[in-house]
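# Structural overview
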Amino acid sequence: PKKDPLALAAALLGITEIEPPPTEPANYNVGDSRVFWIQNSDTREWQEVELTLEAITDHAYLWFDMSRITKDAEEVVANAAAGFEAAYVQDVAVFGDPPIPGIDGDPRLYILHISALTICNVDEASSHQCGIAGYWASHNSLPTEIEEYSNEVELFVINADIGGIGGHNYQT
């Protein structure tokens, strides 16, 4: 049988009251800011991180920790957007379509470019030692009634400190 997180939450956790998901996507514009929950993979601690929406593509919102961009920001964002779109086509061919509209009523994925200092237990001098390049954060596809730290969107986290940010980070 197919796994049903809502049925499991009701059966195992007694959760029966869950807000219905939105039916329309959020209305974001480039330059908007939003706070996301991110877990440090080493300490397992959660923290809120404010990111800026720097690009909107056909398939994604690209959010950035702009403090980590050390070269031409426009070029970096353009390369990341083009790289994501190129990889998206290949990824869908291999893995299938993402859940649309998903938990947030939006067909776009969220791509969060986050500092290694946030996702690993490293400091500025050792940020290159964070072993995470990126990951799919499946708990975000669940409502907060089930997963307290859910961002309630379908999202990927990209380590903004590994090799800089650009299209090469999306190669499959």
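Quick note: structure is the one above.
Residues numbered from 1 in each chain as written. Predicted model: local features only at pLDDT ≥ 70, side-chain atom pairs only at ≥ 80, totals over all residues. Heavy atoms only, no water.

## A short note on the overall build of the protein chain
To be explicit about the condition: Starting at the N terminus, helices and strands are each numbered in turn, a helix being any DSSP run of H or I of at least four residues and a strand any DSSP run of E of at least two. Atoms considered for the radius of gyration are the C-alpha atoms alone. The globule rule reads 2.2 Å times the number of residues to the power 0.38. Think of it in three bands: with a 1.4 Å probe and only protein chains considered, a residue is buried below 20% of the maximum accessible area for its type, exposed above 50%, and partly exposed in between. Contact between two residues is taken to exist if any of their heavy atoms lie within 4.5 Å; hydrogens are not considered. Only four residue types enter the tally: Lys and Arg on the positive side, Asp and Glu on the negative side, with His and both chain ends excluded. Every charge is mapped to an atom, namely NZ of Lys, CZ of Arg, CG of Asp or CD of Glu.
Broken down by element type, the protein chain carries 3 helices and 6 strands. Each helix (α) and strand (β) of the protein chain, taken in turn from the N terminus, gives the series α-β-β-β-α-β-α-β-β. Rg of the C-alpha trace for the protein chain: 17 Å, near the compact-globule value of 16 Å for 172 residues, within the 12% margin. Over its C-alpha atoms, taken along the principal directions, the protein chain stretches across nearly 50 × 35 × 30 Å. Across the 172 residues of the protein chain, 41% fall into the buried class. If you take every contact in the protein chain between residues at least 6 apart in sequence, the share linking residues at least 24 apart comes to 65%. Side-chain charges of the protein chain comprise 7 positive and 28 negative groups, with the mean position of each set lying 5 Å from the other.

## Things to note about the packing of aromatic side chains
What counts here: Ring pairs are drawn from Phe, Tyr and Trp, using the six-membered ring of Trp, whenever the two centres fall within 6.5 Å, and their geometry is named by plane angle: stacked under 30 degrees, edge-to-face over 60, tilted for the rest. Charges are assigned to positions over rings by a cutoff of 6 Å between ring centre and Lys NZ or Arg CZ, combined with an angular limit of 35 degrees from the ring normal.
Counted according to the given criterion, the structure contains 11 aromatic pairs. With a centroid separation of 4.7 Å and an interplanar angle of 75°, the aromatic rings of tryptophan 37 and tyrosine 149 are classed as edge-to-face. On the criterion of sequence distance, the pair formed by tryptophan 37 in strand β1 (residues 33-39) and tyrosine 149 in the loop between β5 (134-136) and β6 (155-159) is long-range, its members being 112 residues apart. A centroid spacing of 6.2 Å and a plane angle of 10° characterise the contact between tryptophan 63 and tyrosine 110, whose relative ring orientation is stacked. Highlighted residues: tryptophan 63 in strand β3 (residues 60-64) and tyrosine 110 in strand β4 (residues 109-114), separated in sequence by 47 residues. Like tryptophan 63, the residue tyrosine 110 is buried in the burial classification. Aromatic ring contacts, followed pair by pair, group Tyr28, Phe36, Tyr61, Trp63 and Tyr110 into a single cluster. The positively charged end of arginine 108 is found above the aromatic ring belonging to tyrosine 61, 5.5 Å away from the centroid.

## Let's talk about the nonpolar core
Just so we agree on the cut-off: Nine residue types can take part in a nonpolar core, namely buried Ala, Val, Leu, Ile, Met, Phe, Trp, Tyr and Cys, and a core is a set of them joined through side-chain atoms within 4.5 Å.
One finds Phe36, Ile38, Trp63, Tyr110, Leu112, Ile119 and Leu155 to be the most contacted residues of the largest nonpolar core, which totals 21 residues. Broken down by secondary-structure element, the contributors of at least two residues to this core are β1, β2 (46-56), β3, β4, α3 (116-119) and β6. Apart from the residues lying within four places of it in its own chain, the contact partners of isoleucine 38 are Glu45, Trp46, Gln47, Val49, Leu112, Ile114, Thr118, Ile119, Tyr135 and Val157. Residues Phe64, Val77, Ala81 and Tyr88 belong to the second largest nonpolar core, which totals 14 residues.

## Focus on the environment of aspartate 104
For clarity, the threshold we go by: We define a polar contact as two N or O atoms separated by no more than 3.5 Å, with the added condition that, inside protein, one atom must be a possible hydrogen donor and the other a possible acceptor, whereas residues neighbouring each other in sequence contribute only through side-chain atom pairs.
Here aspartate 104 lies in the loop between α2 (73-95) and β4. Sequence spacing of aspartate 104 and isoleucine 158 is 54 residues, and the spatial spacing of their C-alpha atoms is 20 Å. Among residues more than four places away in sequence, those in contact with aspartate 104 are Pro22, Glu24, Pro25, Tyr110, Glu152, Val153 and Glu154. Side-chain polar atoms of aspartate 104 contact the backbone nitrogen of aspartate 106, separated by 3.2 Å.

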